[in-house]
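# Structural overview
The primary structure of each chain is shown beneath.
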Amino acid sequence: MTSHSESLTLSLGSISPAMLALAGGAFAALILLAIVLLLRSAGLRREQAEEASFRAAESEARMAELLKIQAEMQGRITAMTEVFGARQSELNQAINQRLDGMSQRMSSTITEQTKSTHENLQRLQERLAVIDAAQNNIQTLAKDVVGLQAILSNKQTRGAFGQSRMETIIADGLPMGAYTFQPTLSNGSRPDCTIRMPNDAPALVIDAKFPLEAWNAIRDAGSPEAGKIASQQFRRDMDVHIRDISEKYLIQGETQDTAFLFVPSESIFAEIHENFEPVVQKAHRSRIVIVSPSLLMLSIQVIQAVLKDQRMRAQAHLIQGEVALLMDDLGRLDERVRKLQGHFAMAQKDIDMVVTSADKLTKRGAKIEALEFEAGGDGKPARDNEPAAKSVESRTGLLKLRVVDEE
């Protein structure tokens with residue numbers, strides 16, 4: 001301990017007076033800084049106290065203003081409550097009235113809708129009855145289609161079907177005697193139909209034996225290979241049939257150098273021209289024309305027009321005689337019309353004279369209607385330029401009639 005005190009004394013003794021003065025100045029500066037800080041803190045507390053009192057006064061003023069506004073708001077809310085109560089009662093009354101009106105309209109609308117629904121249901125029942133009848137017709141038609149399919153499945157029956165359709169078209173378009181069904185030619189062959197041409201020209205041959213089996217095989221083919229084989233078979237059958245028609249039915253001097261091959265279906269005719277052009281070209285080279293029902297009908301109409309023209313040329317002398325008689329009748333009619341026109345002209349002249357007399361009578365009546373009545377003692381002198389008027393005395397006065405001729 002003694003040694004420690006001695007060492008401290010030696011250390012203090014070793015400190016110079018300048019250092020001690022510097023340490024004292026620093027200590028004094030610290031004390032001065034502490035005093036300044038204390039003063040500033042006191043000023044800040046005073047300012048905070050003043051600001052707190054100012055804020056308290058401002059808060060009290062705002063609170064008073066808020067209380068005043070609250071009182072005003074309570075008054076306004078009370079007034080608005082009363083107004084809203086009155087408006088709500090009026091609104092409830094208006095809503096009730098509108099609900100009553102809407103209820104009445106809804107009831108009338110529902111009544112009308114119910115009536116309309118009943119009428120629509122009645123119409124629907126009628127239409128359902130018509131649909132049932134149509135369904136029965138469809139079922140009957142389906143049975144007929146099945147029967148037609150059975151007919152077309154038989155080769156002979158199918159040929160008879162094409163023959164019957166061709167015969168129907170020709171019989172509807174040409175007069176009796178202009179065609180022959182199943183005739184026998186000089187070579188022993190029997191075409192389906194021949195049509196007599198005008199001017200003693202050779203007959204036109206129509207064949208209705210279309211190879212429909214090969215065509216149905218094309219339709220029934222289940223694969224492209226089978227369809228290709230069926231198409232080749234159809235081409236071969238058509239080539240054979242075209243050659244047979246050309247060799248059997250085209251006879252020099254007895255038939256036309258062109259024959260018709262009748263196809264009993266428009267769709268088959270279109271597909272042949274679209275997919276089998278070589279067959280069509282070969283038929284043209286062989287002078288065979290492939291015709292559908294519509295083309296056959298058109299050809300029959302052309303032949304009918306040609307036959308009609310021939311008949312008209314054959315009866316030309318009769319037509320000329322009738323035209324001469326018609327011209328005589330027309331001359332007599334013209335003469336009688338001219339006489340009638342003269343009678344009408346005379347009658348028109350008489351009518352014009354009658355109209356002129358009626359106009360004069362109308363003018364006279366208008367002048368009589370414009371008579372003037374004057375009292376007996378108050379008569380006015382007549383004008384110098386007015387004509388003399390006849391006067392008739394009566395008990396009421398003097399009646400003067402002035403007549404002025406405008407003619």
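Residues numbered from 1 in each chain as written. Predicted model: local features only at pLDDT ≥ 70, side-chain atom pairs only at ≥ 80, totals over all residues. Heavy atoms only, no water.

Bringing the overall build of the protein chain into the picture now. Counting its regular elements, the protein chain contains 9 helices and 8 strands. Residue burial in the protein chain is summarised as follows: out of 407 residues, 17% are buried. In the protein chain, once contacts between residues fewer than 6 apart in sequence are set aside, the share between residues at least 24 apart is 62%. Summing over all exposed atoms, the protein chain offers an accessible surface of approximately 31,000 Å²; the carbon and sulfur share of this is 60%. (Helix = DSSP H or I, 4+ residues; strand = E, 2+ residues; numbered from the N terminus. Buried < 20%, exposed > 50% of the residue type's maximum accessible area, 1.4 Å probe, protein only. Contact = heavy atoms within 4.5 Å. Areas by Shrake-Rupley, 256 points an atom, 1.4 Å probe, with all protein chains shown as cover.)

This part covers helix α5 (residues 224-249). One full turn of an α-helix is made of 3.6 residues, so residues set three or four places apart face in the same direction. With 26 residues, α5 should reach 38 Å at 1.5 Å per residue; the first-to-last C-alpha distance of 37 Å fits that figure. Every buried residue of α5 is listed here: Gly227, Ala230, Ser231, Phe234, Met238, His241, Ile242, Ile245 and Tyr249. In this structure, the buried residues of α5 make contact with β3 (203-207), α4 (212-220), β4 (255-262), α6 (266-275), α7 (277-285) and β5 (288-291). (Expected span 1.5 Å × (residues − 1).)

Where two aromatic rings form a pair, the distance of their centres and the angle of their planes describe that pair. Scanning all chains against the criterion turns up 2 aromatic pairs. With centroids separated by 5.1 Å and ring planes inclined at 45°, the aromatic side chains of tyrosine 179 and phenylalanine 181 adopt a geometry described as tilted. By relative accessible area, which is 27% here, phenylalanine 181 ends up partly exposed. (Phe/Tyr/Trp six-rings, centres within 6.5 Å; stacked < 30°, edge-to-face > 60°.)

So, on to the pattern of salt bridges. This structure, assessed with the given rule, holds 10 salt bridges. Aspartate 192 serves as the salt-bridge partner of lysine 209, at 2.9 Å between the closest nitrogen and oxygen. Separated by 17 residues along the polypeptide, lysine 209 in the loop between β3 and α4 and aspartate 192 in the loop between β1 (179-181) and β2 (193-195) bring together distant segments of the chain. Taking the relative accessible area as the measure of exposure, aspartate 192 reaches 3% and is therefore buried. The shortest N-O distance in the salt bridge between aspartate 207 and lysine 209 comes to 3.5 Å. A relative accessible area of 40% means that lysine 209 is categorised as partly exposed. Connected through salt bridges with shared partners, the residues Asp192, Asp207 and Lys209 form a single ionic network. (Salt bridge = Lys/Arg side-chain N within 4 Å of Asp/Glu carboxyl O.)

Looking now at the sheet that holds β2. Taking strand neighbours across the sheet as the criterion, the 5 strands line up as β1-β2-β3-β4-β5 in an open arrangement whose pairing is mixed. Each end of this open sheet is capped by a strand with a single partner; those strands are β1 and β5. Neighbour to neighbour, the strand axes of the sheet diverge by 25° on average, direction disregarded. Summarising the sheet, β2 and β3 pair through 3 bridges and their orientation is antiparallel. Paired with isoleucine 195 across the two strands is leucine 204, which belongs to β3. (Pairing = 2+ DSSP bridges. Axes fitted to C-alpha atoms, helices over the stretch in contact; angles between N-to-C directions.)

Let us now look at a nonpolar patch on the surface. A grouping of Met312, Ile319, Val323, Met327, Leu330, Leu333 and Val337 is seen on the molecular surface, where their side chains present a nonpolar patch of about 630 Å² in accessible area. When its relative accessible area of 41% is taken as the criterion, valine 323 is described as partly exposed. (Patch = residues over 30% accessible without salt bridge, like charges linked within 9 Å, V, L, I, M, F, W, Y side chains within 5 Å.)

In this section: the packing of α4 against α5. In contact at an axis separation of 8 Å, α4 and α5 are set at 165° when each is read in the N-to-C sense. One way to sum up the angle between α4 and α5 is to call them roughly antiparallel. In this structure, the crossing between α4 and α5 has a hand that is left-handed. Contact residues: Ala214, Trp215, Ala217 and Ile218 in α4; Ala230, Ser231, Gln233, Phe234 and Asp237 in α5. For the contact of α4 with α5, the class distribution of residues is 6 nonpolar, 2 polar and 1 charged. (Parallel < 35°, antiparallel > 145°, perpendicular 65-115°, else oblique. Left-handed = near helix turned anticlockwise from the far one by under 90°. Nonpolar A, V, L, I, M, F, W, Y, C, P; charged D, E, K, R; others polar.)

Time to look at unusual backbone geometry. The backbone of glutamine 182 sits at a positive phi, close to 55°, despite the residue not being glycine. The phi angle at arginine 287 is positive, at roughly 60°, despite the residue not being glycine. Examined against the element boundaries, arginine 287 turns out to sit in the loop between α7 and β5. Accessibility expressed as a relative area gives 46% for arginine 287, which makes it partly exposed.

In terms of residue burial, β3 counts as a mostly covered element, since 5 of its 5 residues are buried. Burial along β3 is two-sided: the face carrying Ala203, Val205 and Asp207 and the face carrying Leu204 and Ile206 are both buried.

Here the focus is the nonpolar core. If you look at the biggest cluster of nonpolar residues, it comprises 26 residues, and the most contacted ones within it are Phe210, Trp215, Phe234, Met238 and Ile272. Contributions of two or more residues to this core are made by α4, α5, β4, α6, α7 and β5. Ranked by residues supplied to this core, first place goes to α5 with 6 residues. If we ignore the near neighbours within four places in the chain, the residues touching tryptophan 215 are Phe210, Phe234, Ile268, Glu271, Ile272 and Phe276. Grouped together as the second largest cluster of nonpolar side chains are 19 residues, Met197, Phe260, Phe262 and Leu296 included. (Core = buried A, V, L, I, M, F, W, Y, C linked by side-chain atoms within 4.5 Å.)

A word on the confidence of the model for the protein chain. Any region with low pLDDT has predicted coordinates that should not be read closely. Taken as a whole, the protein chain shows an average pLDDT of 77; of its residues, 82% reach a score of 70 or greater. Note on residues 150-158: pLDDT under 50 across the span, and 9 contacts to partners over four residues away in sequence or across chains. This stretch, residues 373-407, has a pLDDT under 50; its non-local contacts, to residues over four places away or in other chains, come to 33 contacts. (pLDDT = per-residue confidence, 0-100.)

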